Every structure is written in C-alpha cells, then in structure tokens.
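# Architecture and fold: a report
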Amino acid sequence: QKEVEQDPGPLSVPEGAIVSLNCTYSNSAFQYFMWYRQYSRKGPELLMYTYSSGNKEDGRFTAQVDKSSKYISLFIRDSQPSDSATYLCAMSAAGNNRKLIWGLGTSLAVNP
Amino acid sequence: NAGVTQTPKFRILKIGQSMTLQCTQDMNHNYMYWYRQDPGMGLKLIYYSVGAGITDKGEVPNGYNVSRSTTEDFPLRLELAAPSQTSVYFCASSYPNGGTPPAQYFGPGTRLTVL
C-alpha cells in the first residue's frame, strides 16, 4: 500500500462547478498537508498548505484535513478554465529532512 | 528573485552519453531536491541535499550523481545515459527547519530524451 493515494482522474467539469479533489494516506505521523498545482509542461507550484487538522480557505480554494480518517480534500468553487491543471497532494512528517511524500496527481479539465 | 532556475530546458542524448543538469536557486534555501516525473508515475525523489557539502540518496538514485559545493547550486549528473532515464527532471528547494512549513519551490524542469 502506498503512503499517499490519489485518484489520477481525469476529472472533467463544466465552468462554474464545484470541484472536489481528494487524497488518503496511511502514515499517522504526517503533520503538514499541501496542495500543488501543475500546469502542462511547467513545474509544480504550491497552492495551499495546512498544518494538522482543520480547514483553510484562500479565495475560491478550500483545503480540509481529517486526521481521524486520514483524508484530505481540496475544494475549488466557481471553477474556471484557468484551473485546468494537474493537482498534486503532498505530505510531510516532522523532521525527515523536509522530504515530501507525493500523490500521483489528479488531472482536472474545466470546460467553458 | 528568479527563484529556482534549471538549464537546459530540453536535451536529447544518445545512449551512453553523459550530461549535467544545472539547478540554481537565489532564495538562500538550505535544502535542495532532484525529482524525475514520468507519465502516470508521479514525482520520484532522486537525490537531496540539506546544505553545502551534504547530499543523500532518494528513492531512485541509480544512474545519477550529485554534488553541492555552494548553497545556490545543485547539479545532477547522468553518466552513461539509458533510455530508462528519459523523463522530465525537476529541481526544488526549501527553507531549513525552524517552524516554517516544508514547502518546496520548483524550477521549470528539464525535458530529457535518451535515444
């Protein structure tokens, strides 16, 4: 079993839809939970991070962490064609030389 | 700040050739990482460094070497290129420990083909 599981999709939604992207994990030592966005032929860029449990909101994006279920989510409200990208979750335990454990990424297409 | 820069952007190698992928960051980050990304396989850590003069293997180090003589630079060396090394290579950097989240900042990538 992989430490981090993420459905690769692809996910296709109409413009304006609410998008839900998810990852599950098995290592209870993970404390930092991150979401990266990667446009085609570009490097990943940090979108949001959450420490421990709870929610974090940034504009149209909301990150949720449920440590009891070992489940994290990224919600995108009022999705736009410019949100079309691959979304990768990444997690980290304390110490560990700041190495991140990555999901495979979910490919999202928002259709106008 | 330019952030993390990588050169070259693209390269085609013949089997058995060698090359160095360059990575430079201007954010004074101690930690640096090399990943490869293959379709459907996610990001795989090749090597990482926690500071100048200190490097360690990641998940897939075979066929690669690194050095870290300065804080800014972290080159990746491919010796005797093989078709299995065809991939997109990303360099990333991160702040040191001390209460900051372990976020990594990525370069634009080098797309390598070995024929």
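Here goes a summary of the coordinates provided.

The rules behind these values
- Residues numbered from 1 in each chain as written.
- Chains lettered and ligands numbered in written order.
- Predicted model: local features only at pLDDT ≥ 70, side-chain atom pairs only at ≥ 80, totals over all residues.
- Heavy atoms only, no water.
- Buried < 20%, exposed > 50% of the residue type's maximum accessible area, 1.4 Å probe, protein only.
- Helix = DSSP H or I, 4+ residues; strand = E, 2+ residues; numbered from the N terminus.
- Pairing = 2+ DSSP bridges.
- Axes fitted to C-alpha atoms, helices over the stretch in contact; angles between N-to-C directions.
- Phe/Tyr/Trp six-rings, centres within 6.5 Å; stacked < 30°, edge-to-face > 60°.
- Lys NZ or Arg CZ within 6 Å of the ring centre and 35° of its normal.
- Salt bridge = Lys/Arg side-chain N within 4 Å of Asp/Glu carboxyl O.

Moving on to the pairing of strand S3 (residues 19–25) of chain A. Looking along a regular strand, one sees side chains alternate from face to face of the sheet. Residue and element names in this part refer to chain A. Here S3 shows one buried face, formed by Val-19, Leu-21, Cys-23 and Tyr-25, and one open face, formed by Ser-20, Asn-22 and Thr-24. Alignment of strand S1 (residues 4–5) against S3, held across 2 bridges, turns out to be antiparallel. Bridge pairing in S3 places Glu-5 opposite Thr-24. Here S3 runs beside strand S8 (residues 71–76); their pairing, made up of 6 bridges, is antiparallel. Following the sheet pairing, Thr-24 is matched in S8 by Tyr-71.

It is worth spelling out the sheet that holds strand S8 (residues 76–78) of chain B at this point. Residue and element names in this part refer to chain B. Spatial ordering of the open sheet is given by S1-S3-S8-S7, a layout of 4 strands whose pairing is antiparallel. Strands at the two margins of the open sheet, each flanked by one partner only, are strand S1 (4–7) and strand S7 (64–66). Shown here is a sheet whose adjacent strand axes are inclined to one another by a mean of 20°, direction ignored. Relative to S8, strand S3 (residues 19–25) is paired through 3 bridges, and the arrangement is antiparallel. Across the sheet, residue Met-19 finds its bridge partner in S8, namely Leu-78.

Summed over the entire model, instances satisfying the criterion amount to 14 aromatic pairs over all chains. Geometrically, the ring pair formed by Tyr-32 of chain A and Tyr-51 of chain A is tilted, given 4.9 Å between the ring centres and 50° between the ring planes. Note that Tyr-32 of chain A is positioned in strand S4 (residues 30–38) and Tyr-51 of chain A in strand S5 (residues 45–51), a separation of 19 residues in sequence. Residue classification places Tyr-32 of chain A among the buried positions, given a relative accessible area of 16%. Linked through ring pairs, Tyr-36 and Trp-102 of chain A together with Tyr-33, Tyr-35, Tyr-48, Phe-90 and Phe-106 of chain B together constitute an aromatic cluster. The ring of Tyr-49 of chain A is capped by Lys-56 of chain A, whose NZ or CZ atom sits 3.9 Å from the centre of that ring.

The next thing to look at is the pattern of salt bridges. Residues and elements named next belong to chain A. Considering all chains together, one arrives at 6 salt bridges over all chains under this definition. A salt bridge links Asp-83 to Arg-60, with the nearest nitrogen and oxygen atoms 2.8 Å apart. Taken together, the residues Asp-83 in the loop between S8 and strand S9 (85–93) and Arg-60 in the loop between strand S6 (54–58) and strand S7 (61–66) connect sequence positions 23 residues apart.

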